[in-house]
Every structure is written in C-alpha cells, then in structure tokens.
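# Residue-level structure breakdown
Now for the letters of each chain:
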Protein chains: 2
Amino acid sequence: MRPIDDVTPAALRKRPGWLIGQTSVHHHRLLTAALGAANARPYHYRVLASLQEFGSGSQVEVGRHAGLDRSDVVATIDELVDRGLVERTADPIDRRRNIISITPAGRAQFRRLDKVLANVQDELLSPLSPKQREQLTRLLSRVLEYHTDALSER
Amino acid sequence: MRPIDDVTPAALRKRPGWLIGQTSVHHHRLLTAALGAANARPYHYRVLASLQEFGSGSQVEVGRHAGLDRSDVVATIDELVDRGLVERTADPIDRRRNIISITPAGRAQFRRLDKVLANVQDELLSPLSPKQREQLTRLLSRVLEYHTDALSER
DNA sequence: TGGTATCGTTGGACATACCAACGATTCTCC
DNA sequence: GGAGAATCGTTGGTATGTCCAACGATACCA
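Attention in this report is confined to the structure presented alongside it. Since we're looking at a predicted model, the values are computed, not measured.

Criteria and cut-off values
- Every chain's residues receive numbers from 1 upward, in the order its sequence appears when written.
- To label them, take the chains in the order written and letter them from A, then take the ligands in the order written and number them from 1.
- Reporting of local features is limited, given that this is a predicted model, to residues whose pLDDT is at least 70; pairs of side-chain atoms are given and counted only at 80 or more, and all residues count toward the totals for whole chains, interfaces and linings.
- Side-chain numbers here rest on the full set of heavy atoms in the structure, without hydrogens or water.
- Here the copies are matched by least squares. The fit uses the C-alpha atoms of residues with pLDDT of at least 70 in both.
- The criterion used for residue contact is that any of the two residues' heavy atoms lie within 4.5 Å.
- One heavy atom suffices: a residue is near a molecule or strand as soon as one of its heavy atoms comes within 4 Å of it.
- Counting of polar contacts relies on pairs of N or O atoms within 3.5 Å, with two restrictions inside protein: one atom must be capable of donating a hydrogen and the other of accepting it, and residues adjacent in sequence are counted only when both atoms are side-chain atoms.
- Strands are runs of DSSP state E lasting at least two residues, helices are runs of H or I lasting at least four, and both sets are numbered from the N terminus onward.
- Polar here means any residue outside two lists: the nonpolar Ala, Val, Leu, Ile, Met, Phe, Trp, Tyr, Cys and Pro, and the charged Asp, Glu, Lys and Arg; Gly therefore counts as polar.
- Buried surface area refers to the total accessible area, computed with a probe of radius 1.4 Å, that the two partners give up upon joining, counted for both partners together.
- By salt bridge we mean one thing: a side-chain nitrogen of Lys or Arg within 4 Å of a carboxyl oxygen of Asp or Glu.
- Buried Ala, Val, Leu, Ile, Met, Phe, Trp, Tyr and Cys residues that are joined via side-chain atoms within 4.5 Å together make up what is termed a nonpolar core.
- The classification of residues rests on relative accessible area computed with a 1.4 Å probe and restricted to protein chains. Under 20% of the type maximum is buried, over 50% is exposed, and intermediate values are partly exposed.

### Examining the relation of the copies chain A and chain B
Each copy superposes on the other: chain A lies on chain B with an RMSD of 0.0 Å after a rotation of 180° and an axial shift of 0.0 Å. Expressed as an axis order, the relation between the two copies is that of a two-fold axis. Both copies share a contact surface, since 100% of the interface residues of chain A are interface residues in chain B too.

### Notes on the protein's contact with DNA strand C
Around DNA strand C, the surrounding shell holds 25 residues, and the nearest of these are Arg29, Gln59 and Asn98 of chain A together with Ser71 and Arg96 of chain B. Here the atoms of DNA strand C within 4 Å of the protein split so that 67% fall in sugar or phosphate, with bases taking the remainder. With respect to DNA strand C, the side chain of Tyr43 of chain B contributes an N or O atom lying 3.0 Å from a phosphate oxygen. Within the residue set of the surface near DNA strand C, elements represented by two or more residues are α2 (16–37), α4 (59–66) and α5 (70–82) of chain A together with α3 (42–54) and α5 (70–82) of chain B. For the surface near DNA strand C, the per-class residue count stands at five nonpolar, seven polar and 13 charged.

### So, the interface of chain A and chain B
In this assembly, 64 residues from chain A lie in contact with 64 residues from chain B. Of the roughly 6000 Å² buried between chain A and chain B on both sides combined, carbon and sulfur atoms contribute 67%. Sorting the residues of chain A by area buried against chain B places Arg15, Leu139 and Leu144 of chain A first, and these three jointly supply 10% of that buried surface. At the boundary of chain A with chain B, the tally comes to two salt bridges. For Arg15 of chain A, the salt bridge is made with Asp114 of chain B, and the minimal N-O distance between the two is 3.2 Å. At the junction of chain A and chain B, the tally comes to 16 residue pairs in polar contact (both at pLDDT 80 or more). If you tally residues by element for the side of chain A that touches chain B, the top one is helix α7 (residues 130–152) of chain A, at 17 residues. Broken down by class, the residue content of the side of chain A that touches chain B amounts to 30 nonpolar, 19 polar and 15 charged.

### What to know about the protein's contact with DNA strand D
Within the structure, DNA strand D sits among 25 residues, and Arg41 and Ser71 of chain A together with Arg29, Gln59 and Asn98 of chain B are positioned closest to it. Interatomic distance of 3.3 Å between a side-chain N/O atom of Arg96 of chain A and a sugar or linking oxygen of DNA strand D. Looking at the surface near DNA strand D, the elements that each hand over two or more residues are α3 (42–54) and α5 of chain A together with α2 (16–37), α4 (59–66) and α5 of chain B. Tallied by class, the residues present in the surface near DNA strand D amount to five nonpolar, seven polar and 13 charged.

### Some thoughts on the nonpolar core
One finds Tyr45, Leu48 and Leu136 of chain A together with Tyr45, Leu48 and Leu136 of chain B to be the most contacted residues of the largest nonpolar core, which totals 76 residues. With residues near it in sequence (within four places) discarded, Leu48 of chain A still touches Leu80, Leu85, Val86, Ile102, Gly106, Gln109, Phe110 and Leu113 of chain A.

Nothing here speaks to function; it is geometry throughout.
Here you go:
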C-alpha cells in the first residue's frame, strides 16, 4: 500500500483546512458508528450535553448551547421526547416558549454516550501523545473561539 | 457578548473531535463563499489539484487522488467538462476507462483557485502564529495519516 | 393599539459522504 | 476459447449535517 504522500496532491496536503476537513470526516465515521450502537446520533448527544450542563431551558437556549439551528432543535427534541429522554412542556410564564428538561432516562443515556465520546476521542487521537493532544486541543480551541466570536459579533 | 466558554457545554468543548468538527464547519463556510465567487466548489478544486499534480489519469485514479467516491467523480467531471476545464476521452488501450485531462483553461482556473485556498488558510488560522500553524499542521497530518492508512489497509 | 421582536414549527434547499446495482470490458485460468 | 472474476464508469439513490424562509402565536413597548 502506497503511503498517503503519494496519493494526495501537495496542494491539499499542505492545507490545514484540508487536514481539518478530512480528519473531521474520519471523526464523524467513528462517532456515528459508535453512537449508532447506542441508538443515538451526534445531535442527540449535543442536546443532552447542553441540558445536563445548563439545566432546563427554552428551545432557543438549548439550540444556542448545542450549536444547532432552531429547526434542527425541533427535530432532535422530537426524537428525544419519543425515546423518553427529554420532556417538552409549555412555559406558563411565556406561552411562546417551551421548556425542555432532561429525564432520568436522559441522564442515564447521557452518561452512556459520554463514555462513547471519550472512547472515540482516544481512538481518533491514538497516534498522539498526551502532550500532543493538549497542544492540538489548545490550538484548535483558539482557532474555533476566534471564528465563533467573529460570527456572533456580526 | 458572552465568551464561548459560557455557551458550549464542557462535554463538547473539551473534545478534540468537537473542535475539529466545528472548525471544519467554519472552514467550509469560508471556502465555499470564496470559491463561489470564482464559480467553483470544493470538489472542483480537489479534482483540478489532482490533475495538476499527477497529470492525466482514469476516473478511478483521479478519484483516489482527490479522495472522492467514484460517483462523485462522475458528477464533478461532468461539471468541469461543461466549463471547458477538463477533457474526458476514451482510453484506446482499455475501453472500460476514460482518460481525464486538464485543459489550459483548467490550469488557469486551478491557479486562480489556489490563491483563493491560500487566502482562506490565512483567514482560518489568523489567530495563530506561523510556528503554531506549523504545529497544528504537523499534529493534524499525523492524525490524518494514521486514519487514512488504517482505512486503506482493511 | 399598532409595530416590532421572539418563539416554535413547517417545509424546504444544498453539499458532502457514501452505497448498490448494472452493463461493458478486460484478464486469467482451465 | 470460454467461463468466471475483476475493473470501469454510470445511474440512482440514501443519510446526515448545515442552513434558510415564511408563518402563526405570543409578548412587549411607546
């Protein structure tokens, strides 16, 4: 088998954007396969993680925490309600809003999925030492914060 | 505006997979906007870059260089042929195959898009110093090579 | 009370990644 | 020389993630 260097053009290989994109594809494959075994998909984890950390909130708030479009929040919450992992109730104070809460079953599923995520990170970063993982995380965090702040300040 | 630390759950923020995925989303936005202005999209650049570096080849070879599924190669080459950027001819030696070649107009478009890609990398990584960009590139390359080799050795 | 903003929903569009099945062609082995 | 396996390219999808517009209901403010 030829090494990757002989297959991918340098015009791509030298580009961090390409490296990030392709690594993301591999990560998504690992994540989707692992979550699929637990009858979940990435959006479920994102919503459950948001509710677990920030507590109950409106759909807009949950979407902001989870980084999801409002319409995708609706669809994801529909699926989680169907599985008894979250509850959707009307806000008595403001009837425009729903209040989304995690259920005990949702907390249990979050704990299960959290382990899955930890395993997937280990597998994704297995060629790196702990120090290199820290370095990668720090550099990516800085890039992501820069772009996230730039977006929300428009 | 609240800093990102107050918005995203730690369960996501601490995960390199999440950082890579979200950074990739930002990269894709920048890239698609910039390429769109040049009437191109990411698959076009991948195919042109492969032909520019490796020369003419079959669709399977082009797909392997560009990291594209065979059916996506067909669609992308269709678009590039329509725009006069590549040529598709039958292989006289093996009538199962087509030979894909870049045209002079394709080379010119590749040079134009290559500048676009360079600008997008600069914008994507603007919060990092040159040394940090090298570090990020090295770490990501190692991770990507590991997973690409693992995939092709199955 | 009218105008603006917010919330949630519905109904999409689009790009990327990926897969199965098929017909035409090539190659190998008996 | 022919059967079987493999390759090539194409067609026709599916799944997922990201993103957007428009609408009705509701809340708030001047």
